[in-house]
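Structural description and commentary
Each chain, letter by letter, is given below.
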Amino acid sequence: MNLLIAALGVLGVASSGPLIAGTLGATSVTALAIAFWRNAIGAVVMAAPVAIREPKAFGRINRREFGWSVMAAVALAFHFACFITALQLTSVAAATALVCLQSAWIAVFQMFRGTRHRWPVLVGLGIAFVGVVAITGFDMGSSPEALLGDLLAVAGGALAGLYTLAGGKARQSMATGTYTTLCYGMCAALVAVMALVSGQPLTGFDAGGWVGIIAITVCAQLVGHTAFNHLLATMSPLLVSMIILLEIPGAAILAAVFLNETLPAGTYAGLALILAGLAVVVSGQRRGRAGRGDGETERREAELGAD
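Summary of the structure given here. For clarity, every value in this text was computed on a predicted model and none was experimentally measured.

1. Structural notes on the overall build of the protein chain
Of the regular secondary structure elements, the protein chain holds 14 helices and 0 strands. If you list the helices and strands of the protein chain from N to C, you get α-α-α-α-α-α-α-α-α-α-α-α-α-α. Scaling as 2.2 N^0.38, a compact globule of 307 residues should have a C-alpha radius of gyration of about 19 Å, and the protein chain matches this with 18 Å. Dimensions of the protein chain, computed from C-alpha atoms along their principal axes, come out at roughly 55 × 50 × 40 Å. The buried share of the protein chain, taken over its 307 residues, is 54%. Of all intrachain contacts in the protein chain linking residues separated by at least 6 positions in sequence, the fraction that spans at least 24 positions is 85%. Carbon together with sulfur atoms contributes 70% to the accessible area of the protein chain, which is approximately 13,200 Å² in total. One way to put it: in the protein chain the 17 positive side-chain charges average out to a point 14 Å from where the 14 negative ones average out.

Below, the structure written as structure tokens:
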């Protein structure tokens, strides 16, 4: 059963990039509309069981929890803005791989906070960086638009790392349903403001556009991340984190099959380097935390996801 759930989880998160790119390319849906409805629907779905089982939970949120949740929501909103826009400029495979540098960015942010990582983490960061250089180097030679998309995807990965770290702080005392409802809800509100300022409509799309929005929300947000959160109850966070990395080749395969996306051989080499580097980073981080007995923090951070 766990194998089936893991497969559904990988398929769910890997479908995010191709579904977004396909929806943007074939319909009148805007980038911020996808981000808004994905978070708004996610907030409503997560709020329903909390409101039924523990209706007073939201009234017990304290200032510290609210502050970290706001920070997470802001980072998540700009993450989606960067990632979804990147999918309009560069390839699905490149955007997905670069935004998946979230784990590497977390390690970098921890270094700035004084954390001393074990040598495998530093080696993994170096391997992933070479992969980034390979992808952006090929895109720099092919198209300025693709290079801009790559840079937006890298920024989206950094913002996803901030979202994860801030969410981990909030989750120290908040239940999953309460936190995700608050975070997704505030993220949707912020995206709505961004859409108003930039003039991107959030409604008025054709039927195909709404089907795309619902498919993105169900596959990536509800099926993908729910599957991985379930696996955390029965599998080690290290193994779950490794399985999540399959989003990178999964997205590349889906984009090749359904969007006829073809890439230079050097770009595929970059994808492989990023995948290998992140695997080393994740493994090194988890072993380091296990050695310090920080398993609960490890579990909280592994629960959170963006794409």
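The discussion continues.
2. Quick word on the side chain of S91
Its location among the elements puts S91 in the loop between α4 (63-89) and α5 (92-99). Here S91 falls in the buried class, since its relative accessible area comes to 13%. The contacts of S91, once residues within four sequence positions are left out, are E261 and L263.

Rules used throughout
- Residues numbered from 1 in each chain as written.
- Predicted model: local features only at pLDDT ≥ 70, side-chain atom pairs only at ≥ 80, totals over all residues.
- Heavy atoms only, no water.
- Helix = DSSP H or I, 4+ residues; strand = E, 2+ residues; numbered from the N terminus.
- Rg over C-alpha atoms; globule rule 2.2 N^0.38 Å.
- Buried < 20%, exposed > 50% of the residue type's maximum accessible area, 1.4 Å probe, protein only.
- Contact = heavy atoms within 4.5 Å.
- Areas by Shrake-Rupley, 256 points an atom, 1.4 Å probe, with all protein chains shown as cover.
- Lys, Arg positive; Asp, Glu negative; His and termini not counted.
- Charge placed at Lys NZ, Arg CZ, Asp CG, Glu CD.

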